[in-house]
Amino acid sequence: RAIDTLQLEVTQIMKGNYPHYMLKEIHEQPDSVTMTLRGRVMLQMEQGSVRKDSSETCLAPHSPHSFVHAVAEHPPQAVASFDKPVFGTKRIVLGGLVDFLKSIRQCRRFLFVGCGTSYHAALAARSLMEQLADIPVQMELASDMVDRRAPIYRDDTAIFVSQSGETADTLRALEYAKTCGALCVGVTNTVGSAIARMTHCGVHINAGAEIGVASTKAYTSQIVVMVMMALALSEDSMSKHHFRNRIMDDLVALPDAVRDVLKLDREVQELAHDLKNENSLLVFGRGAGYATALEAALKVKEVALLHSEGILSGEMKHGPLALVDESLPIIVIATQDSMYEKNRNVIQQLRARQGRLIILCNSNDESMERERGKGVKLLRVPSLPHQTEALQGILNIVPMQLLSYHLAVIRGLNVDQPRNLAKSVTTE
């Protein structure tokens with residue numbers, strides 16, 4: 001195996017002025033999202049000239065190491081700033097996929113394969129991928145896919161999502177998919193990792209070094225990459241031209257929006273003090289908000305060591321409603337997306353049963369203000385210009401990451417190295 005030299009600044013692997021790596025990495029997300037976009041978004045500027053950063057390069061076709069070499073030779077060294085798009089062509093350029101786009105577009109289905117946080121990131125992007133690519137997406141937990149020997153065909157495209165690129169279950173699933181003849185795509189944050197070497201093609205998320213065991217900035221960058229993949233695959237569809245442009249506008253606005261969400265830190269810290277003695281927490285979400293609910297519950301579980309459960313709002317009446325009383329804290333993801341009215345209905349039903357609610361809503365949602373003070377607390381996050389649901393999920397998860405962090409600190413726990421957990425799961 002060839003030795004690759006990683007070009008890293010020392011500051012990237014130091015805590016700096018932050019008490020923990022996890023808090024540092026949460027606050028790095030405006031920059032990490034920008035780094036993920038850097039070199040991949042082509043926008044027409046006001047002066048009429050196309051601006052494109054050159055950190056992404058095209059890969060040699062069918063080379064098993066092309067994914068690795070592209071990201072190793074062109075590491076991002078600085079945070080780019082994006083001018084606001086005004087008119088003209090907007091494109092996504094993913095060099096790692098450029099020679100495979102035609103084959104991917106011709107596949108009959110996508111398989112999104114991952115574990116834990118990476119699985120949740122893929123779930124967040126699933127609906128948008130189906131809308132833009134017009135190809136069905138099947139979600140697979142890597143361990144379960146291998147255990148049941150799920151049928152995979154030569155005209156499938158399997159997308160393997162892993163922060164470390166070394167996750168044992170995901171690697172076994174990748175080996176199985178390759179034996180079935182599927183086209184395998186990697187989405188990782190680690191140059192030279194096993195998944196980067198074994199897949200036919202892929203995209204590096206460029207989120208930077210993530211030291212804390214609980215993944216934060218890698219999760220948000222994974223979502224951004226999969227949204228960009230969906231945009232690249234739908235580039236030849238004229239009927240989706242305006243939809244794609246709106247999503248790209250939201251991509252450009254995303255780093256500043258994440259920066260605004262981080263201003264909720266003090267408010268979230270106060271909420272953490274209210275929840276510090278609780279033994280259980282429920283998180284309800286629907287649509288793209290379901291992935292946020294699952295990820296929020298996972299973060300609280302692994303960092304704060306507090307039992308928490310992410311639940312699809314549509315399943316509330318099929319069992320979880322029995323748990324609701326005035327003592328159980330419940331977070332409801334209710335931002336203004338296509339599921340908004342259904343989530344409003346969930347809130348009303350939980351309130352009717354004296355549920356102790358914390359509602360995550362948009363800052364411009366005046367109707368939710370009427371819920372405040374009736375045993376209900378609000379966490380208000382900004383919205384994107386066109387409210388792309390998958391990208392709104394990035395804004396929604398940041399307060400939940402902060403909540404899990406502050407709960408862990410208040411409870412006197414090891415934030416960066418939670419008990420029994422490792423950063424890279426290399427055993428089955």
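Computed from a predicted model, the values in this text were never measured in an experiment.

What counts and what doesn't
Counting of residues starts from 1 at the beginning of each chain's written sequence and follows it residue by residue. Thresholds applied to this predicted model are a pLDDT of at least 70 for local features of residues and 80 or more for the giving and counting of side-chain atom pairs; totals over whole chains, interfaces and linings are not thresholded and use all residues. Processing note: side-chain calculations cover all non-hydrogen atoms of the structure and skip hydrogens and water entirely. The secondary structure listing takes helices from DSSP runs of H or I that are at least 4 residues long and strands from runs of E that are at least 2 residues long, numbered from the N terminus. Residue contacts are defined here by distance: any two heavy atoms, one from each residue, within 4.5 Å place the two residues in contact. Two strands make a pair as long as DSSP finds a minimum of two bridges between them. To get an axis, fit a line to the C-alpha atoms, keeping to the stretch in contact for a helix; angles then go from 0 to 180 degrees between the N-to-C directions. How sure the predictor is of each residue is captured by pLDDT, a score from 0 to 100. One speaks of a salt bridge when a side-chain nitrogen belonging to Lys or Arg is within 4 Å of a carboxyl oxygen belonging to Asp or Glu. The classification of residues rests on relative accessible area computed with a 1.4 Å probe and restricted to protein chains. Under 20% of the type maximum is buried, over 50% is exposed, and intermediate values are partly exposed. Expected helix span is taken as 1.5 Å per residue step, with the number of steps being one fewer than the number of residues. Bend, at a single residue, is the angle you get between axes fitted to the 7 residues ending at that residue and the 7 residues starting at it. Polar contacts here mean pairs of N or O atoms no more than 3.5 Å apart (in protein, one a potential hydrogen donor and the other a potential acceptor; neighbouring residues in sequence count only if both atoms are side-chain atoms).

1. A few points about the overall build of the chain
What the chain contains, in helices and strands, is 15 helices and 13 strands. For the chain, the proportion of contacts with a sequence separation of at least 24, taken over those separated by at least 6, is 75%.

2. As for the sheet that holds strand E13 (residues 376–381)
An order of E10-E9-E11-E12-E13 is seen for the 5 strands of this open sheet, with the pairing classed as parallel. Two strands bound the open sheet, and with one partner strand each, they are strand E10 (307–312) and E13. Pairwise comparison of adjacent strand axes, ignoring direction, gives a mean angle of 20° for this sheet. Sheet analysis places strand E9 (residues 280–285) next to strand E11 (residues 329–333), joined by 3 bridges and oriented parallel. Bridge assignment links Val-283 to a residue of E11, and that residue is Ile-331. Seen against the sheet, helix H15 (residues 389–410) touches E11, strand E12 (356–362) and E13 and runs at an angle of roughly 125° to E13.

3. Notes on the confidence of the model for the chain
Taken as a whole, the chain shows an average pLDDT of 87; of its residues, 85% reach a score of 70 or greater. Note that pLDDT drops below 50 for residues 53–88; the model gives that stretch 93 contacts with residues more than four away or on any other chain.

4. Overview of the sheet that holds strand E6 (residues 156–162)
Reading across the sheet, the 5 strands line up as E5-E4-E6-E7-E8 and stay open at both edges, with parallel pairing between neighbours. The sheet terminates laterally at strand E5 (137–141) and strand E8 (201–204), the two strands that pair on one side only. Across the sheet, the axes of successive neighbouring strands diverge by a mean angle of 20°, strand direction being ignored. Note that strand E4 (residues 109–114) and E5 share 5 bridges and pair parallel. Bridge assignment links Leu-111 to a residue of E5, and that residue is Gln-138. Across the sheet, helix H7 (residues 168–179) touches E4, E6 and strand E7 (183–188), and the angle it forms with E6 is around 165°.

5. Details of the pattern of salt bridges
This model, assessed by the stated rule, comprises 19 salt bridges. Arg-109 is the partner of Asp-156 in a salt bridge, and the nearest nitrogen-oxygen pair spans 3.0 Å. Here Arg-109 lies in strand E4 and Asp-156 lies in strand E6, a separation of 47 residues in the sequence. Judged by relative accessible area, which is 1%, Asp-156 ranks as buried. As a salt-bridge pair, Asp-144 and Arg-148 come within 2.7 Å of each other at their nearest N and O atoms. Overall, the relative accessible area of 36% leaves Asp-144 in the partly exposed class. Connected through salt bridges with shared partners, the residues Arg-108, Arg-109, Asp-155 and Asp-156 form a single ionic network.

6. Overview of helix H5 (residues 116–133)
Counted at 1.5 Å a residue, the expected span for H5 with its 18 residues is 26 Å, and the 25 Å between its end C-alpha atoms agrees. By the largest-angle criterion, Ala-125 marks the main kink of H5, which is about 40°. Of all 18 residues that make up H5, 13 are buried, and the element is covered over most of its length. Downstream of H5 by one or two residues, Asp-134 has phi in the positive range, about 55°.

7. Overview of the side chain of Ser-234
Checked against the element boundaries, Ser-234 lands in the loop between helix H9 (217–233) and helix H10 (241–261). Side-chain polar atoms of Ser-234 contact the backbone oxygen of Ala-230, separated by 3.1 Å. In this structure, Ser-234 is in contact with Leu-132, Lys-240 and Arg-244, ignoring residues within four places of it in sequence.

8. Points about unusual backbone geometry
The phi torsion at Arg-149 lies on the positive side, around 50°, for a residue other than glycine. Structurally, the position occupied by Arg-149 is in the loop between helix H6 (142–147) and E6. Although it is not a glycine, Gln-387 sits at a positive phi angle of roughly 50°. Here Gln-387 lies in the loop between E13 and H15.

9. Some details on the environment of Ile-152
Tracing the backbone through its elements, the reader meets Ile-152 in the loop between H6 and E6. The class for Ile-152 is buried, based on a relative accessible area of 8%. Residues Ile-152 and Ala-182, spaced 30 residues apart in sequence, show a C-alpha to C-alpha distance of 6.9 Å. Residue contacts for Ile-152: discarding those within four places in its chain leaves Arg-109, Leu-111, Met-145, Tyr-176, Ala-177, Cys-180 and Ala-182.

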